[in-house]
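Examining the three-dimensional arrangement
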Amino acid sequence: MAEEATAQEFDILILGGGSGGYAAALRSVELGFSVGLIEKGKLGGTCLHNGCIPTKALLHSAEIAENAKTAEKYGIKATFDSVDMNAVNTYKDNIIAGKFRGLQGLIKSKGITVIEGEGRLTSEKTIEVNGRTYTGSNIILATGSYSRSLPGLEIGGRVITSDQALTLDYVPKSAVILGGGVIGVEFASVWNSFGVDVTIVEGLPSLVPNEDAAIIKNLERAYKKRGIKFSTGIFFEKVEQNDDGVVVTLADGKTFEAELLLVAVGRGPVTANLGYEEAGLTMDRGFVITNERLHTGVGNVYAVGDIVPGLQLAHRGFQQGIFVAEEIAGLKPVVVEDVNIPKVTYCEPEIASVGLTEAKAKEKLGADNVQVQEYNLAGNGKTSILGSSGLIKMVREKDGPIIGVHMIGGRIGEQIGEAQLIVNWEAYPEDLAGLLHAHPTQNEAIGEAAMALAGKPLHG
């Protein structure tokens, strides 16, 4: 339930109650500001309701399915019979509902005024909601993103986005996934575990093209082993629907037939018809352009999250919301560059990375000024126990700090915490090599990689 929005003037007025907006609201009230938080849907936004949380719930169900299929390998008698999507969706929806109730309670307990309705920026200090004008000495725009499509590719029928894929009440027999980025490979992983015949179509030369080359190679090998098919390097041309499914045609004339086409070509900023241009904000292809302090250059208007060019990650929006609240308070918070924001792709095997890839490091520093080290997880006891494989790759400036950590393996995303500290605190391999990493854990593989990069490999 929203609070009755009796007040109309606030120190900070926030448009959008997703990860960026609600984080900004919580930090702002901690700093003593009065806060109005405008949300047209549900608090928590995409991440909670049709993004991070529901997709990871599906991925966990998929992990359980895989465990049932391979149980005998571990001495357990179990069988994989079928997937009850109604039960899967109930499990997923209960997770969302619990987190939603918790967030609502937290927002209410902090005295934040929640204003329900679709807001529109009407000046550098005002937002109109349901015909009523609210004023903010400072305004934070956090309107988030939507599942976008390609020009001329209409969503409908058997052509769906992740929004519809998250609510399917059946398991399709086959699917083509358009896009081999984070969303595409995660859904491919889920559906393959559920028994779907999956083909990924990616116009760029590889799956997860923003990752390090060693990670890409490892994932593509793992997907081939799992029976997930993919076509890379040839762009999509068209899709036709019929009673049985879809026919997807590529630019070279090759076709794929399936029951569904999932369009997973990324997310676009929600900024249209919200008054941003009219208020004088600088826009570029729908994104709000800011300086590095997230100020728009208009009055005291800031923008955070997916509407600001760069990585579209919930934790980036969350951090930016906190950052802007502290910026308004004059605390001069430290800017975290996008390259040093941790990323996790929750497919199987998982991918986790932070910092520069080997290629980007060589481009920035020169090939002679970059050193790399790969540690194969085949030598890691915990990884073997989990029945997984993969690698950890570290990139360092020659005789300098570690500037990139790239990992792939089962559950390896849980190791991103230390990796982001290493990169953001500019740790040297020699410093890290002297620290203890508990055995047997996957975490000790980070220590092993650092020891090897420091010139004293223990296992290798």
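Described below are features of the structure shown in this document. Since the structure is predicted, the reported quantities are computational estimates derived from the model, not experimental observations.

1. Structural notes on the nonpolar core
Formed by 46 residues in total, the largest nonpolar core has its most connected members in Ile107, Leu141 and Tyr276. Ile107 has contacts with Tyr22, Leu26, Leu37, Leu43, Ile112 and Val114, leaving out every residue within four places of it along the chain. Among the nonpolar cores identified, the runner-up in size contains 35 residues, and Ile160, Ala175, Ile177 and Val185 belong to it.

2. Describing the packing of aromatic side chains
Summed over all chains, the structure comprises two aromatic pairs. Aromatic pair Tyr22 and Phe318: ring centres 5.9 Å apart, planes at 75°, arrangement edge-to-face. A residue pair is termed long-range when its members are at least 10 positions apart, and Tyr22 in helix α1 (residues 19-30) and Phe318 in helix α8 (residues 314-328) qualify at 296 residues. You can call Tyr22 buried: its relative accessible area is 18%. Sitting over the face of the ring of Phe80, Lys69 holds its NZ or CZ atom 5.0 Å from the ring centroid.

3. Some details on the packing of helix α3 (residues 52-69) against helix α6 (residues 182-193)
With their axes 8 Å apart at the nearest point, α3 and α6 run at an angle of 40° to one another. Where α3 crosses over α6, the handedness of that crossing is left-handed. Across from Thr55, Lys56, Leu58, Leu59, Ala62, Ala65, Glu66 and Lys69 in α3, the residues of α6 making contact are Glu186, Phe187, Ser189, Val190, Asn192 and Ser193. A class-by-class count of the residues in the contact of α3 with α6 yields six nonpolar, four polar and four charged.

4. Some words on the layout of surface pockets
In this structure, the second largest pocket encloses a volume near 1,200 Å³. Forming the boundary of the second largest pocket are 33 residues, of which Glu348, Pro349, Gly387, Ser388 and Gly410 lie nearest the centre. Among the secondary structure elements, those contributing two or more residues to the lining of the second largest pocket are α3, α6 and α7 (213-226). Within the lining of the second largest pocket, the residues separate by chemical class into nine nonpolar, 13 polar and 11 charged.

5. Some details on the pattern of salt bridges
Across all of its chains, the model carries 18 salt bridges by this definition. Between Asp197 and Lys229 there is a salt bridge, with the nearest N and O atoms lying 2.7 Å from each other. Of this pair, Asp197 sits in strand β10 (residues 197-202) while Lys229 sits in strand β11 (residues 229-232); the two residues are 32 residues apart in sequence, bridging distant segments of the chain. For Asp197, a relative accessible area of 38% puts it in the partly exposed group. Note that Glu358 is salt-bridged to Lys362, the shortest N-O span being 2.8 Å. Highlighted residues: Glu358 and Lys362, both in helix α9 (residues 358-365), separated by four residues, approximately one helical turn. In the salt-bridge network here, residues are joined through shared partners; they are Asp212, Glu358, Lys362 and Lys393.

6. Some details on unusual backbone geometry
In this model, Glu348 is joined to Pro349 through a cis peptide bond whose omega is 5°. Relative to the elements of secondary structure, Pro349 occurs in the loop between β20 (343-345) and β21 (350-355). Despite not being glycine, Asn273 has its phi angle at roughly 60°, a positive value. Its relative accessible area of 68% is what places Asn273 among the exposed residues.

Procedures and definitions
Residues numbered from 1 in each chain as written. Predicted model: local features only at pLDDT ≥ 70, side-chain atom pairs only at ≥ 80, totals over all residues. Heavy atoms only, no water. Core = buried A, V, L, I, M, F, W, Y, C linked by side-chain atoms within 4.5 Å. Buried < 20%, exposed > 50% of the residue type's maximum accessible area, 1.4 Å probe, protein only. Contact = heavy atoms within 4.5 Å. Phe/Tyr/Trp six-rings, centres within 6.5 Å; stacked < 30°, edge-to-face > 60°. Helix = DSSP H or I, 4+ residues; strand = E, 2+ residues; numbered from the N terminus. Lys NZ or Arg CZ within 6 Å of the ring centre and 35° of its normal. Axes fitted to C-alpha atoms, helices over the stretch in contact; angles between N-to-C directions. Left-handed = near helix turned anticlockwise from the far one by under 90°. Nonpolar A, V, L, I, M, F, W, Y, C, P; charged D, E, K, R; others polar. 1 Å grid on protein atoms, 1.4 Å probe; cavity = no way out; pocket = protein on both sides within 12 Å on 5 of 7 lines; lining within 4 Å. Points joined across faces, edges and corners; volume = space filled by probe spheres on them. Salt bridge = Lys/Arg side-chain N within 4 Å of Asp/Glu carboxyl O.

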